[in-house]
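Summary of the model geometry
Residue-level listing of the chains:
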Amino acid sequence: MKTIVLHIHDDLGAESRLQAACDLARAARAHVQCVQVTPLPEMIAAGAQDGLGFSPVIAAELHAIDEAFRTRIEARFAQEDVAWDWRQSHGDSLPGLLDAAKLADLIVASLPEAGRSSAQDPLPIAADLAMGGRTPVLAVPPSARGFAVAGRALVAWDGSHAAAAALRAAIPLLQLAEAVEIVTVEDSEAPFPATDAPEYLARHGIKAQLHSWPRADRPTEIALRDAIATLRADWMVMGAFGHSRWRELIFGGVTRSLLRTAPVPLLLAH
């Protein structure tokens, strides 16, 4: 992974995103592309009319706010030993980031802060970024103090196309990890044997331990959180929405739950 898109936005996850991107860039000798998307004044005014709680702001004020934050972020990068540049655009954050990531290897975004709700919460776009493009997403909890790339990685494996896409995308990072644990939750309906995952990784020179994790009459996402804690995982690889997005919205789903409650960074792909 040599090009990392970093979502620049003044929210509670800004520092954890920046630190994760810098940790990854140092480990992989990668370049960080900072992408700041300023909303258009008419978009904010439309949000206010729709009762979404925004206030109309003139263009000059929007630019002043983002320029002040850019100055702060550039000062932070001056303290980090990484290569970086800046891309500024206008419009909606989701399409702006997806457009910037067309020739990127990873997007760094945020997970929502569990149990919180405020105007400073990170934008809830990690899943949409993973679903909307071909670039994997590293979704970082706002409370994270960085990204332990060379730590212990957990791969959530159910044999789905989404899980396979995430596993393939994670290869460059898994090669840097000190340990790779593949977890298959019992009773999952894997379309092919779980042993295919460690065999695939072995061909890339990655030694992995396979675990059949007990479900114990609990949801899969609870079992995976137990595996994260028990195996002392520093980050996790998982497919984003292995089932239909609508089905997961109606019935719940592993992706939807872990996006709200994951205690470690998630590498997502679809």
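An account of the accompanying structure is given in this report. (Residues numbered from 1 in each chain as written. Predicted model: local features only at pLDDT ≥ 70, side-chain atom pairs only at ≥ 80, totals over all residues. Heavy atoms only, no water.)

Summed over all chains, the structure comprises two aromatic pairs. Ring centres 4.9 Å apart and planes at 25° place the aromatic pair Phe-77 and Trp-84 in the stacked group. When its relative accessible area of 1% is taken as the criterion, Phe-77 is described as buried. Judged by its relative accessible area of 29%, Trp-84 is partly exposed. When the centroid spacing of 5.4 Å and the interplanar angle of 70° are considered together, the rings of Phe-147 and Trp-235 count as edge-to-face. (Phe/Tyr/Trp six-rings, centres within 6.5 Å; stacked < 30°, edge-to-face > 60°. Buried < 20%, exposed > 50% of the residue type's maximum accessible area, 1.4 Å probe, protein only.)

The first and last C-alpha atoms of helix H6 (residues 161-174) sit 19 Å apart over 14 residues, in line with the 20 Å expected at 1.5 Å per residue. Approximately 30° is the largest bend angle found in H6, and it occurs at Arg-168, with the proline Pro-172 only one to four residues beyond. Counted residue by residue, H6 has ten buried out of 14 residues, so it is predominantly covered. Within the span of H6, buried status applies to Ala-162, Ala-163, Ala-164, Ala-165, Ala-166, Leu-167, Ala-170, Ile-171, Leu-173 and Leu-174. Residues of H6 that are buried in the fold lie against helix H1 (14-28), strand E6 (152-156), strand E7 (179-185), helix H7 (196-203), strand E9 (235-239) and strand E10 (266-269). (Helix = DSSP H or I, 4+ residues; strand = E, 2+ residues; numbered from the N terminus. Expected span 1.5 Å × (residues − 1). Bend = angle between axes of the 7 residues up to and from the residue. Contact = heavy atoms within 4.5 Å.)

To continue, consider the packing of helix H8 (residues 220-230) against helix H10 (residues 254-261). Here H8 crosses H10 at 45°, and the two axes come no closer than 9 Å. The angle between the axes of H8 and H10 places the two elements in the oblique class. Crossing of H8 against H10: the hand is right-handed. From H8, Thr-220, Glu-221, Leu-224 and Arg-225 reach across to H10, where they touch Val-254, Ser-257, Leu-258 and Thr-261. (Axes fitted to C-alpha atoms, helices over the stretch in contact; angles between N-to-C directions. Parallel < 35°, antiparallel > 145°, perpendicular 65-115°, else oblique. Left-handed = near helix turned anticlockwise from the far one by under 90°.)

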